[in-house]
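Take a look at the letters that make up each chain.
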Amino acid sequence: MTRPYAPGYRIPTDLLLKAYASGVFPMAESATDPEVFWVRPETRGIIPLDGFHTPRSLKKTIRRHPFDIRYDFDFEATIDGCAERRDERRSTWINAPIREAYVELYRLGHCHSVEAWREGRLAGGLYGVSLGRVFFGESMFARETDASKTCLYYLVERLNERRFALLDTQFTTEHLKRFGAIDVPRSR
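Residues numbered from 1 in each chain as written. Predicted model: local features only at pLDDT ≥ 70, side-chain atom pairs only at ≥ 80, totals over all residues. Heavy atoms only, no water.

**Q** Explain the overall build of the protein here, please?
**A** A count of helices and strands for the protein gives six helices and nine strands. For 188 residues, the compact-globule estimate of 2.2 N^0.38 gives 16 Å, and the protein sits close to it at 16 Å. Viewed in the frame of its principal axes, the protein has a C-alpha envelope of about 50 × 40 × 30 Å. Across the 188 residues of the protein, 49% fall into the buried class. Of all intrachain contacts in the protein linking residues separated by at least 6 positions in sequence, the fraction that spans at least 24 positions is 70%. Total accessible area on the protein is roughly 9900 Å²; 50% of this is exposed by carbon and sulfur atoms. The averaged location of the 26 negative side-chain charges in the protein is 5 Å from the averaged location of its 29 positive side-chain charges. (Helix = DSSP H or I, 4+ residues; strand = E, 2+ residues; numbered from the N terminus. Rg over C-alpha atoms; globule rule 2.2 N^0.38 Å. Buried < 20%, exposed > 50% of the residue type's maximum accessible area, 1.4 Å probe, protein only. Contact = heavy atoms within 4.5 Å. Areas by Shrake-Rupley, 256 points an atom, 1.4 Å probe, with all protein chains shown as cover. Lys, Arg positive; Asp, Glu negative; His and termini not counted. Charge placed at Lys NZ, Arg CZ, Asp CG, Glu CD.)

**Q** What exactly am I supposed to notice about the pattern of salt bridges here?
**A** Where charged atoms from two side chains of opposite charge come close, those side chains can pair. A complete count under the given rule lists 13 salt bridges for this structure. Through salt bridges that share partners, Glu76, Asp80, Arg99, Glu104 and Arg107 make up one connected network. (Salt bridge = Lys/Arg side-chain N within 4 Å of Asp/Glu carboxyl O.)

**Q** Just to check I follow, could you spell out helix H4 (residues 96-107) for this structure?
**A** Given 3.6 residues per turn, any residue in an α-helix points the same way as the ones three and four places further on. Its twelve residues place the ends of H4 17 Å apart at the C-alpha level, agreeing with the 16 Å of an ideal helix rising 1.5 Å per residue. Here H4 has its buried residues at Pro97, Ile98, Ala101, Tyr102, Val103 and Leu105. Remark: Gly109 follows H4 within two positions and exhibits a positive phi of approximately 90°. (Expected span 1.5 Å × (residues − 1).)

**Q** Is there a simple way to explain the sheet that holds strand E8 (residues 166-170) in this structure?
**A** The strands making up a sheet are joined through hydrogen bonds of the backbone, oriented either antiparallel or parallel. Taken together, seven strands build an open sheet; the order of strands is E4-E5-E6-E7-E8-E3-E9 and the sheet is mixed. In the strand order of this sheet, the two ends are held by strand E4 (68-71) and strand E9 (182-185), each with one partner. For this sheet, the mean inter-axis angle between neighbouring strands, taken without regard to orientation, is 35°. As defined by bridge partners, strand E3 (residues 43-47) adjoins E8 across three bridges and the pair is classed as antiparallel. Bridging from a neighbouring strand, Gly45 pairs with Gln170 of E8. Across the face of the sheet, helix H3 (residues 75-83) comes into contact with strand E5 (111-118), strand E6 (121-131) and strand E7 (134-142) while running at roughly 100° to E6. (Pairing = 2+ DSSP bridges. Axes fitted to C-alpha atoms, helices over the stretch in contact; angles between N-to-C directions.)

**Q** Hey, could you run me through helix H5 (residues 147-161) in this one?
**A** In this model H5 runs 21 Å from its N-terminal to its C-terminal C-alpha over 15 residues, within 8% of the 21 Å that 1.5 Å per residue would give. Every buried residue of H5 is accounted for by Ala147, Ser148, Thr150, Cys151, Leu152, Tyr153, Tyr154, Leu155, Val156 and Leu159. Arg163 sits one or two positions beyond H5 and adopts a positive phi of about 60°.

**Q** Please explain the side chain of Arg44 as it appears in this structure.
**A** Within the element layout of this structure, Arg44 appears in strand E3. With relative accessibility at 7%, the residue Arg44 sits in the buried group. At a separation of 2.7 Å, a polar atom in the side chain of Arg44 contacts the main-chain carbonyl oxygen of Gly23. Other than its neighbours up to four places away in sequence, Arg44 contacts Gly23, Val24, Phe25, Phe136, Asp168, Gln170, Ile182, Asp183 and Val184. (Polar contact = N/O pair within 3.5 Å; in protein donor to acceptor, adjacent residues only side chain to side chain.)

**Q** What is the right way to read the side chain of Thr150 from this model?
**A** Relative to the elements of secondary structure, Thr150 occurs in helix H5. Judged by relative accessible area, Thr150 falls into the buried class, the value being 3%. If we ignore the near neighbours within four places in the chain, the residues touching Thr150 are Leu58, Thr61, Ile62, Phe67 and Ile69.

**Q** I tried to follow the packing of H3 against H4 on my own but got confused; where do I start?
**A** Two measures define how a pair of helices packs: the angle their axes make with one another and the distance between the axes. One way to put it is that H3 packs onto H4 with a least axis distance of 10 Å and a crossing angle of 150°. Considered as vectors, H3 and H4 are oriented roughly antiparallel to each other. Viewed along their axes, H3 and H4 form a crossing whose handedness is right-handed. Within the contact between the two elements, H3 uses Phe75, Glu76, Ile79 and Asp80 and H4 uses Arg99, Tyr102, Val103, Tyr106 and Arg107. Across the contact of H3 with H4, the residue classes tally to five nonpolar, no polar and four charged. (Parallel < 35°, antiparallel > 145°, perpendicular 65-115°, else oblique. Left-handed = near helix turned anticlockwise from the far one by under 90°. Nonpolar A, V, L, I, M, F, W, Y, C, P; charged D, E, K, R; others polar.)

Put into structure tokens, the structure is as follows:
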């Protein structure tokens, strides 16, 4: 972690893309914290696209087609969904400067969302940064069971169709390990 930015600071999109290219990404302590700090972990979480694992229960959900899957349909609602407070998470690292920077990256074509809709409502989604043949997953959320997991499934399908090399998850969590996430040293 390195220097924080002063309150109200904007993250220039060219700086943000250079940071991703060198394995660095921004975070904030909370949604109300106006500062941003840069993270460069020694170990990165990735999901090898040829090693993606779809749990049996998720396969059943996908076969039922409960969601209308959309890409980049409502990016701002997706990032806002990721930033929502939930019972299991009282605060988020997505603050105003981060939200603003990623919305601008979306406008420039470097940030994308996968969204699960049902009956006209956003049920879940995820977003991340696309740079070269790598997709850097940023955050995901679900308002309905399996909504974000379904989005992850369709993201991997889309990345494979477009011959991406890697899905970077930043960190490896127990949740992501169920889908084949592994840790790799930064140097690799």
